[in-house]
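A look at the structure
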Amino acid sequence: MNRRDMLIQSGAAALTLASFPLGWSARAAEGKRRILMFTKSGWFEHSVVKRNGDKLSLAERIVTDLAGKHNFEVNCTKDGRVFVNEDLAKYDAFLFETQGDPTKEGVDKQPPMPPEGKKALLDAIAGGKGFAGCHCASDTFHSPGDQTKSQTPDSYDPYIAMLGGEFIRHGAQQKAWMRVVDHSFPGAKEIRDFELLEEWYSLKNFSPDLHVILVQDTHGMKGADYQRPNFPATWARMHHRGRVFYTSMGHREDVWQNPTFQELLLGGLAWATGNVEADVSPNIQQAAPQAAVMPALGAKK
Ligand SMILES: [Zn+2]
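Now for a quick tour of the structure.

Quick notes on the rules
Residues numbered from 1 in each chain as written. Predicted model: local features only at pLDDT ≥ 70, side-chain atom pairs only at ≥ 80, totals over all residues. Heavy atoms only, no water. Patch = residues over 30% accessible without salt bridge, like charges linked within 9 Å, V, L, I, M, F, W, Y side chains within 5 Å. Areas by Shrake-Rupley, 256 points an atom, 1.4 Å probe, with all protein chains shown as cover. Salt bridge = Lys/Arg side-chain N within 4 Å of Asp/Glu carboxyl O. Helix = DSSP H or I, 4+ residues; strand = E, 2+ residues; numbered from the N terminus. Donors = N, O, S within 2.8 Å, 3.2 Å for Na, K, Ca; no water. Tetrahedral: all angles 85-135°; square planar, octahedral: opposite > 155°, others 65-115°. Buried < 20%, exposed > 50% of the residue type's maximum accessible area, 1.4 Å probe, protein only. Polar contact = N/O pair within 3.5 Å; in protein donor to acceptor, adjacent residues only side chain to side chain. Axes fitted to C-alpha atoms, helices over the stretch in contact; angles between N-to-C directions. Left-handed = near helix turned anticlockwise from the far one by under 90°. Contact = heavy atoms within 4.5 Å. Nonpolar A, V, L, I, M, F, W, Y, C, P; charged D, E, K, R; others polar.

On to a nonpolar patch on the surface. A surface patch of nonpolar side chains, amounting to about 340 Å² of accessible area, comprises Trp43, Phe44 and Val107. By the secondary structure assignment, Phe44 is in the loop between strand 1 (34–38) and helix 2 (58–70).

Here it is in structure tokens:
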């Protein structure tokens, strides 16, 4: 067992599933929370969301298992038409591990999201539905302009403005530290700083109202993408009346299987669906004061 596995196991040991419910069961009288999980991919389909025939992907199976254990419902789809064909009012939150432009057919050949579907999604969130994004959810609906540069807030894609940050690039997979800056957020209560092997996203275009939960500690990270001060990696924010949660983790299969990742995701979903409360007052200035400093990147690789 290497040091990272020991760290993860020692973190996981403190977390029993019984410790979780975090309100899932407390409001059972209101009925099960419903989540729409959407994993349509544009030009790159991650292995964790790849289906084998009719078989759900790894990420979909994990969320479905968590739903069974924690008494919520999840509907998994890659069909972008769901956002116009279904009444979004029946869902409490949307969970995205998407990539690229979901309004295009994309490599997965799934039906695209009609443009009015994107508007329906954003309107639903603004009106009070929750949103949780993992990893490449920030590599979705990019803002126009040079991807290696930051943009001004008035030019952010409306989806990126909702999410609160945008993917720039990633370097080689490596072990890096996540620093927990809010231990009170659901799912983060038992988690200490941890080191993880992952494909780490370098992010930009942060919303100034982010409530940062985990910070990417860039010290010692290898590659041009990470030669920058620490920046937010997992956060929550309010989008009008909607609750938005994002974590940059979720590339590797063993990250999806990692109890710490699952605990954070469950906490994010519990909060996003309105099943548990949290203080999400903006803290980005304290947590990552130099988040806007961009890495010096050459031409797009
Ligand atoms: Zn990835």
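Next comes the rest of the write-up.
This part is about the coordination of the zinc ion. Surrounding the zinc ion are the protein donor atoms His46 (NE2), His135 (NE2), Glu199 (OE) and His251 (ND1), at 2.1 Å. Coordination geometry of the zinc ion: the 4 donor atoms subtend angles of 92 to 158° at the metal centre, consistent with an arrangement described as irregular. Each donor residue of the zinc ion belongs to the same chain, with the gaps between them written as H-x88-H-x63-E-x51-H. Placement of Glu199 in the loop between strand 7 (194–198) and strand 8 (201–204) and of His251 in the loop between strand 11 (242–247) and helix 6 (253–256) is noted, with a sequence separation of 52 residues between them. Relative accessible area serves as the criterion here: at 7%, Glu199 is assigned to the buried category.

Attention shifts here to the side chain of Thr247. Following the sequence through the fold, Thr247 ends up in strand 11. Within the local environment of Thr247, its side chain forms a polar contact with the side chain of Thr234, the two groups lying 2.8 Å apart.

What follows concerns unusual backbone geometry. What is expected of a backbone is that most residues other than glycine have negative phi and most peptide bonds are trans. With a phi angle near 45°, His135 is a residue other than glycine that sits in the positive phi range. By secondary structure assignment, the location of His135 is in the loop between strand 4 (130–134) and helix 5 (158–163). For His240, which is not glycine, the phi dihedral falls at a positive 55°. Among the secondary structure elements, His240 is positioned in the loop between strand 10 (231–239) and strand 11.

We now examine the packing of helix 2 against helix 7 (residues 259–272). At a minimum axis distance of 12 Å, the contact between helix 2 and helix 7 shows a crossing angle of 65°. Crossing angle aside, the handedness with which helix 2 passes helix 7 is right-handed. Facing helix 2, whose interface residues are Ile62, Val63, Leu66 and His70, helix 7 presents Gln262, Leu265 and Leu266. Grouping the constituent residues of the contact of helix 2 with helix 7 by class yields 5 nonpolar, 2 polar and no charged.

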